[in-house]
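Here are the chains, one letter per residue:
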Amino acid sequence: LFVIFRQRRLSEVQRDFVNAMTHEFKTPISTLKVASEVLQQPGATDNPERLQQYGLVIAEQVRQLQAHVEHVLQAARVDRRRITLHPEALDLHDVIRSLSLHYEQACLKRGGTFFSDLTADPSVVVADHQHLSGLLHNILDNAVKFAGTPPLIRISTRLIRTNIQLAVGDNGPGIPPKEQHRVFRKFYRVAEGRVPSHRGFGIGLFYVSRVVKAHGWDIRIGKAPEGGADFILSIPLSS
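Residues numbered from 1 in each chain as written. Predicted model: local features only at pLDDT ≥ 70, side-chain atom pairs only at ≥ 80, totals over all residues. Heavy atoms only, no water.

*Asks:* How do you make sense of the pairing of strand β5 (residues 163-169) when you look at a structure like this?
*Replies:* Strand residues, when the strand is regular, have side chains that alternate between the two faces of the sheet. Within β5, six of the seven residues are buried, which leaves it mostly tucked inside the rest of the structure. For strand β4 (residues 152-160) and β5, the ladder comprises seven bridges, and the chain directions are antiparallel. When the bridges of β5 are listed, I160 appears paired with N163. Hairpin remark: β4 followed by β5, antiparallel, with two residues in the connecting loop; positive phi at R161, about 55 degrees. (Buried < 20%, exposed > 50% of the residue type's maximum accessible area, 1.4 Å probe, protein only. Helix = DSSP H or I, 4+ residues; strand = E, 2+ residues; numbered from the N terminus. Pairing = 2+ DSSP bridges.)

Written as structure tokens, this is what we have:
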């Protein structure tokens, strides 16, 4: 009975993943199709402003497709083998600032606010630059995706003894306490209180957990001051 139940559960997880992936890819592909049809219409090239507008639409949809593909590839890579790290001394604040502009713009487009409070001093850590950036991308992407209307995103750092505490919070529905220990499982997606049209693949936080484990860091989920989810990461300072 246990084997049958486990096989059934794996089948359900696989089906949910395929359905989610189909949904996430369908929207940008449909938008690209419409944009390409408009640009093929007679006289489309006679209006530079219209060309620029649809050029921006195409670029944004391609970016979304690239992000979806990268999420799937990230999960596949970390699932096949242990993460190989190339650690180096990095200024955490520089890494955050290099990533924040995109998500700040995403908030502004929806009439929201992106608040940055980077007070940790010093802020140098030893980490793999690629995986640290990937981790932050996934957490910030989740925050923007599930934030309320208008969105309010907060990213902050502070020094606690020999560790930097990095927190990313939003004003969305949050994650129920009973679900918080499960969200880092591969393919697991929270249903309660979340936005059905933005449920994702359930692999972003799985990747985050593997990166955190490989570095020997700690991560937990709490309730943000804004009412949503608060992802809190503890990273040792560079010695």
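*Asks:* Would you mind showing me how to read the nonpolar core here?
*Replies:* Most often, soluble globular proteins have nonpolar side chains that are buried together. With 40 residues, the main nonpolar core has L132, L135, L136, W217 and F231 as its most contacted residues. Elements with a contribution of two residues or more to this core: α3 (92-109), β2 (113-118), β3 (124-128), α4 (129-146), β4, β5, α5 (204-215) and β7 (229-236). Counting residues per element, this core draws most heavily on α4, which supplies seven residues. In this structure, L132 is in contact with L90, L92, V95, A127 and W217, ignoring residues within four places of it in sequence. (Core = buried A, V, L, I, M, F, W, Y, C linked by side-chain atoms within 4.5 Å. Contact = heavy atoms within 4.5 Å.)

*Asks:* Would you mind going over α3 with me for this structure?
*Replies:* In an α-helix, one turn spans 3.6 residues; hence positions three or four apart end up facing the same way. In this model α3 runs 26 Å from its N-terminal to its C-terminal C-alpha over 18 residues, within 8% of the 26 Å that 1.5 Å per residue would give. Most pronounced at S100, the bend in α3 amounts to some 40 degrees. Of the positions making up α3, those classed as buried are L92, H93, V95, I96, L99, S100, Y103 and C107. Capping of α3 at its N-terminal end is provided by D91; its side-chain oxygen lies 2.9 Å from the backbone amide nitrogen of H93. G111 sits one or two residues past α3 and shows a positive phi near 75 degrees. (Expected span 1.5 Å × (residues − 1). Bend = angle between axes of the 7 residues up to and from the residue. Polar contact = N/O pair within 3.5 Å; in protein donor to acceptor, adjacent residues only side chain to side chain.)

*Asks:* How should the sheet that holds β2 be read in this particular structure?
*Replies:* Two modes of strand pairing occur in sheets, parallel and antiparallel, and in both the strands are linked by backbone hydrogen bonds. Reading across the sheet, the five strands line up as β2-β4-β5-β7-β6 and stay open at both edges, with mixed pairing between neighbours. In this open sheet, the two edge strands, each paired with only one partner strand, are β2 and β6 (218-223). Between one strand axis and the next, the sheet turns by 15 degrees as a mean value, whatever way the strands run. On the sheet, α3 packs against β2, β4, β5 and β7 and is oriented at approximately 170 degrees with respect to β2. Where α4 meets the sheet, its contacts fall on β2, β4, β5, β6 and β7, and the angle it forms with β5 comes to roughly 35 degrees. (Axes fitted to C-alpha atoms, helices over the stretch in contact; angles between N-to-C directions.)

*Asks:* When you look at the pattern of salt bridges in this model, what are you seeing that I'm missing?
*Replies:* Pairing between side chains becomes possible if they bear opposite charge and their charged atoms approach one another. A complete count under the given rule lists six salt bridges for this structure. Between D230 and R154 there is a salt bridge; the shortest N-O distance is 3.2 Å. Of this pair, D230 sits in strand β7 while R154 sits in strand β4; the two residues are 76 residues apart in sequence, bridging distant segments of the chain. For D230, a relative accessible area of 7% translates into the label buried. (Salt bridge = Lys/Arg side-chain N within 4 Å of Asp/Glu carboxyl O.)

*Asks:* What is the right way to look at unusual backbone geometry in this model?
*Replies:* Leave glycine aside and you will find that most residues have negative phi; peptide bonds, for their part, are mostly trans. Backbone torsion omega between D121 and P122 reads 10 degrees, so that peptide bond is classified as cis. The residue P122 is located in the loop between β2 and β3 in this model. The peptide bond linking T149 to P150 adopts the cis configuration, its omega dihedral lying at -5 degrees. Inspection of the secondary structure assignment puts P150 in the loop between α4 and β4. Despite not being glycine, R161 shows a phi value in the positive range, around 55 degrees. Its location among the elements puts R161 in the loop between β4 and β5.

*Asks:* Whenever I open this one, α4 confuses me. Can you help?
*Replies:* Under the 1.5 Å per step criterion, the end-to-end length of α4 is 26 Å for 18 residues, consistent within 8% with the ideal 26 Å. Summarising burial for α4: 13 of the 18 residues are buried, a large majority. Structurally, the start of α4 carries an N-cap: the backbone nitrogen of Q130 is 3.0 Å from a side-chain oxygen of D128.

*Asks:* Sorry if this is basic, but what is going on with the environment of A127 here?
*Replies:* On the secondary structure map, A127 appears in strand β3. The class of A127 is buried, set by a relative accessible area of 0%. A sequence separation of 41 residues divides A127 from H86, and the C-alpha atoms of the two residues are 7.4 Å apart. When residues no more than four places from it in sequence are discounted, the contact partners of A127 are H86, P87, E88, L90, L132, H215 and W217.

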